[in-house]
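Results of the structural survey
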Amino acid sequence: MSLILAIESSCDETAAAVIRDRHILSNVIRSQQIHKMYGGVVPELASRAHLEAIVPVVHESLETAGCKLQDMDAFAFTQSPGLIGSLIVGAGFAKSLALSLEKPLIAVQHMKAHVLANLIRKEGSKNPDFPFLCLTVSGGHTQIVICHDPLNLEIIGQTLDDAAGEAFDKAAKMLGLPYPGGPLIDKHAALGKPVYEFPEPHIEGLNFSFSGLKTAILYFIRDHQKEDPEFISKNIDNICASVQQRIISILLKKLKRASKQTGIKDICIAGGVSANKGLRREFEKVGKELGWRTFIPPFEYCTDNAAMIAITAHYKFQAKQFATMEAVPSAKVH
Ligand code: KG4
Ligand code: ZN
């Protein structure tokens, strides 16, 4: 049995979770509101907000779990990738806990953690068997990985330019929606129909590209607004449904190809964009058609959270993969 406290602070969410074996006892997430007025995350403000939030967030996660700091077998933190100032706050906090309580320290890579969110145990839900495929779609990354085992992940496809979350957020910005626009496109899309056809990129193999779509949306808006300045407000639901439909079709096309190439039919999605209702629905539908076993983490484990850091730390603890006090956070994948 192991009890671990994990901290996630890679971007604009301060989060802490306690895990006992593969069961999450608490999962506290505090989203920073300050960035809304700037239309995107301001790194310097993010680090300051982490400093303010980290003590109450860790406190709440221990209280919810009914545990004390002294009960922990290890302390984990997100080492990379992310905003360096934000990562430093979580890393410093976890290090000081590990040092003062003389417990092991565990450094976790954020993108791997998104994938392993699918391995969290929950009553009444199933987990994938190894090897499984995972489409990881977040604000900074878009990848297809083979998870051979919890500590052996192989990237077999990734974006050549923008990430899927970025495509959602940039499209939203062009439509005048506030940051982060992904969830708002999702909301509008549910009320509309995909009546507009955006082009599909032709990229070899299992890689993705979203920059062409971004340009197509820009020209689409410009041309229609020339004829009718109120085009966006009149058609926002249908435009969002069309943009979302194209992003989903790009993602699922490559996922189908990956399953065909590898013969793997246990398939997961992960990362912030996996919270998208349209993607969740289409993924399940395609899965049924092709005989996949599909897995989607609960909403609270899709966008940035510490439960996913905790489950990854659980496996690293079992394998005794500990970090030293010299472990440095890194903006790029470490
Ligand atoms: O994984 P995540 O929380 O943070 C990163 O590691 O980047 O992903 C954030 C991304 C943002 O681009 C956000 O717009 C997108 O996930 N996102 C969504 C939805 N919820 C979050 N995109 C589409 N539909 C959603 N419901
Ligand atoms: Zn993330």
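As a reminder, the structure under discussion sits directly above these lines.
Basis of the calculations
Residues numbered from 1 in each chain as written. Chains lettered and ligands numbered in written order. Predicted model: local features only at pLDDT ≥ 70, side-chain atom pairs only at ≥ 80, totals over all residues. Heavy atoms only, no water. Near = heavy atom within 4 Å. Polar contact = N/O pair within 3.5 Å; in protein donor to acceptor, adjacent residues only side chain to side chain. Areas by Shrake-Rupley, 256 points an atom, 1.4 Å probe, with all protein chains shown as cover. 1 Å grid on protein atoms, 1.4 Å probe; cavity = no way out; pocket = protein on both sides within 12 Å on 5 of 7 lines; lining within 4 Å. Sits in = over half its atoms within 2 Å of the grid points. Nonpolar A, V, L, I, M, F, W, Y, C, P; charged D, E, K, R; others polar. Domains from an automatic or database assignment. Helix = DSSP H or I, 4+ residues; strand = E, 2+ residues; numbered from the N terminus. Expected span 1.5 Å × (residues − 1). Bend = angle between axes of the 7 residues up to and from the residue. Core = buried A, V, L, I, M, F, W, Y, C linked by side-chain atoms within 4.5 Å. Buried < 20%, exposed > 50% of the residue type's maximum accessible area, 1.4 Å probe, protein only. Pairing = 2+ DSSP bridges. Patch = residues over 30% accessible without salt bridge, like charges linked within 9 Å, V, L, I, M, F, W, Y side chains within 5 Å. Salt bridge = Lys/Arg side-chain N within 4 Å of Asp/Glu carboxyl O. Axes fitted to C-alpha atoms, helices over the stretch in contact; angles between N-to-C directions. Contact = heavy atoms within 4.5 Å.

This next bit is on the site of ligand 1. Around ligand 1, 19 residues are found, and the nearest of them are Gly-139, Asp-169, Asp-186, Gly-272 and Asn-276. Side-chain polar atom of Asn-276 to a nitrogen atom of ligand 1: 3.0 Å apart, as the coordinates give it. Separating an oxygen atom of ligand 1 from a backbone N or O atom of Asp-304 is a distance of 3.0 Å. Calculation on ligand 1 without its partners gives an accessible area of 550 Å², and the protein chains cover 87% of this total. Among the cavities detected, the one that contains ligand 1 is the largest pocket. For the shell around ligand 1, the per-class residue count stands at 5 nonpolar, 11 polar and 3 charged. Structurally, the shell around ligand 1 is a two-domain feature, drawing no fewer than three residues from each of domain 1 (3-116 + 303-318) and domain 2 (128-297).

This part takes up helix H7 (residues 231-262). Taking 1.5 Å of rise per residue, 32 residues should cover 46 Å, and H7 covers 44 Å from first to last C-alpha, within 8% of that figure. Asp-237 marks the point of greatest bend in H7, at about 60 degrees. Of the residues trailing H7, Gly-263 is marked for its positive phi of about 75 degrees.

This part takes up the nonpolar core. The biggest cluster of nonpolar side chains holds 46 residues, and the ones touching the most others in it are Phe-210 and Leu-251. A per-element tally of this core places H7 first, with 14 residues. By size, the runner-up hydrophobic cluster in this structure holds 33 residues, among which are Ala-6, Ala-15, Ile-19 and Phe-295.

Our focus in this paragraph is the pairing of strand E6 (residues 132-137). Most of E6 sits inside the fold, with 6 of its 6 residues counted as buried. Side chains of E6 alternate between two faces, with Phe-132, Cys-134 and Thr-136 and Leu-133, Leu-135 and Val-137 buried alike. Strand direction decides the pairing type here: E6 and strand E7 (residues 142-149), joined by 6 bridges, are antiparallel. Residue pairing in the sheet places Leu-133 in a bridge with Ile-146 of E7. The antiparallel hairpin formed by E6 and E7 contains 4 residues in its connecting segment. In the sheet, E6 pairs with strand E9 (residues 266-270) via 4 bridges, with the strands oriented parallel. Bridge pairing in E9 links Cys-134 to Cys-268.

Turning to a nonpolar patch on the surface, a few remarks are in order. There is a patch of nonpolar side chains on the surface, built from Ile-34, Met-37 and Tyr-38 and spanning about 340 Å² of accessible area. Tracing the chain through its elements places Ile-34 in the loop between strand E3 (23-31) and helix H1 (43-65).

Ordered in space as E8-E7-E6-E9-E10, the 5 strands form an open sheet in which the pairing is mixed. On the outer flanks of this sheet lie strand E8 (152-158) and strand E10 (293-295), each paired with one strand and no other. Averaged over all adjacent pairs, the angle separating strand axes in this sheet is 25 degrees, with direction ignored. Of the pairings in the sheet, the one linking E9 to E10 comprises 3 bridges and is parallel in character. Across the sheet, Cys-268 pairs through a bridge with Phe-295, a residue of E10. Its contacts with the sheet place helix H8 (residues 277-290) against E6, E9 and E10, and it is angled at close to 175 degrees to E9.

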